[in-house]
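Report on the structure
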Amino acid sequence: MSLLSLAARMRIGRARASIGRASPRGLIATLAGCALAALAQAEPYRGPLFDAHLHYNVEATAVYPVEDVLARMQRAGVRAIVANSRPNDGTKSLAAAKAQAAAAGVTVVPFIRLYRNRADYTGWFGDETIYAMVLSELERGTAAGPYRGIGEFHLYDSANANGAVAKKLMQLAQARQLVVLAHVDDAAIDLLMAHAPEARVIWAHTGIGGVAPERVRALLDRYPTLMGELSYRPGLTAGDGRLSPEWKGMLTAFPERFLVGSDTWINGRWSAYEDLMRAARLWLGDLPPAVAERIAWRNGAQIFGIADPAN
Ligand SMILES: [Zn+2]
């Protein structure tokens, strides 16, 4: 062994000893840092929720009776819902359960869904029988009052936003002040708004394909009646369920333009309903309280004229 290598070994030995001594202190410092970070982390939002994207489809009505879904909403602190379903019977049964809904403290805002069955998903934009169905539903209304909107509808190919029935429905919505809940891409938003520039459109998921936040901002700037619903929105939260910095900036910049939704499109979403709302409360807690309250409740309540819950 050369002197040089002996010196090198001694240095390594000292370094090891120093790591050995420093390590517990470092660990304690790290743990203290984590504890402080946890303390600094905002509490979840605790106020009322407006669920702006709720389905009570035929598969759900078979498994979760009206009393059951209302109880889930009540436990989750959801005080109003946009109700729509395939076919519209589920919505009607929620609207008809006035006493149970009042007891659960839930206001039902009924929307007309365009789908009588799954086949309607792919051709509604050119199907005159669906337009006729919408007119007759509007005429009939529900036990909870008139329908307040149309949707959710889907456009898997944005060009179909120019279908004859899609155009007529947008114009009908604008003329009758019905809110449109649309699961579409950003190109279809431009096409739909061109048919009815003053229609109020809730953009389901604010683009489920993860359209770039800059494009979302540009659309919100361009269309003052466009709002974004946030279920399934890619990039909204980080892996820990907290709000991403990018979306914190977006929601803070446009506090009056976003809504929370559950999107109970399959029964798994119903079984997880309270967890979904708990997850929303977590990221809402990362916003300034007044912004969280707007997105969680007030934006939806204002559109549909719903009073604040008394308790
Ligand atoms: Zn949906």
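**Looking at the overall build of the chain**
Within the chain, the regular secondary structure consists of 13 helices and 8 strands. The buried share among the 311 residues of the chain stands at 48%. Counted over contacts in the chain with a minimum sequence separation of 6, partners at least 24 positions apart contribute 76%. Entry remark: accessible area of the chain is about 14,300 Å², with carbon and sulfur atoms responsible for 59%.

**Description of the coordination of the zinc ion**
Coordination of the zinc ion by the protein is provided by H53 (NE2), H55 (NE2), E152 (OE) and D263 (OD), with metal-donor distances spanning 2.0 to 2.4 Å. Seen from the zinc ion, its 4 donor atoms lie at angles of 85 to 169 degrees, and the figure they make is irregular. Positions of the donor residues of the zinc ion along the chain correspond to the pattern H-x1-H-x96-E-x110-D. With H53 in strand β1 (residues 49-55) and D263 in the loop between β8 (258-259) and α11 (267-271), this residue pair connects regions lying 210 residues apart in the sequence. Grouping residues by exposure puts H53 and D263 together as buried.

**Here's the deal with the environment of V69**
Take V69: it is sitting in helix α3 (residues 66-76). Residue class for V69 comes out buried when judged on its relative accessible area of 0%. Taking C-alpha positions, V69 is 9.5 Å from S271, a pair spaced 202 residues apart along the chain. If sequence neighbours within four positions are ignored, V69 has contacts with Y56, Y64, L94 and W270.

**Some words on the packing of helix α8 (residues 186-195) against helix α9 (residues 213-222)**
Two elements in contact, α8 and α9, have axes separated by 11 Å at closest approach and are oriented at 10 degrees. The orientation of α8 with respect to α9, classified from their angle, is roughly parallel. Note on element contacts: α9 touches α8 through R215, L219 and R222, opposite D186, A187, I189 and D190. Taken together, the residues of the contact of α8 with α9 break down into 3 nonpolar, no polar and 4 charged.

**What to know about the sheet that holds β8**
Where strands meet in a sheet, backbone hydrogen bonds hold them as pairs that are either parallel or antiparallel. Read from one edge to the other, the open sheet built from 8 strands follows the order β1-β2-β3-β4-β5-β6-β7-β8, with strand pairing classed as parallel. Bordering the open sheet on either side are β1 and β8, each of which pairs with just one other strand. Inspection of the sheet shows strand β7 (residues 226-229) paired to β8 by 2 bridges, in the parallel sense. If you follow E229 over to β8, its bridge partner there is L259.

Definitions and limits used
- Residues numbered from 1 in each chain as written.
- Predicted model: local features only at pLDDT ≥ 70, side-chain atom pairs only at ≥ 80, totals over all residues.
- Heavy atoms only, no water.
- Helix = DSSP H or I, 4+ residues; strand = E, 2+ residues; numbered from the N terminus.
- Buried < 20%, exposed > 50% of the residue type's maximum accessible area, 1.4 Å probe, protein only.
- Contact = heavy atoms within 4.5 Å.
- Areas by Shrake-Rupley, 256 points an atom, 1.4 Å probe, with all protein chains shown as cover.
- Donors = N, O, S within 2.8 Å, 3.2 Å for Na, K, Ca; no water.
- Tetrahedral: all angles 85-135°; square planar, octahedral: opposite > 155°, others 65-115°.
- Axes fitted to C-alpha atoms, helices over the stretch in contact; angles between N-to-C directions.
- Parallel < 35°, antiparallel > 145°, perpendicular 65-115°, else oblique.
- Nonpolar A, V, L, I, M, F, W, Y, C, P; charged D, E, K, R; others polar.
- Pairing = 2+ DSSP bridges.

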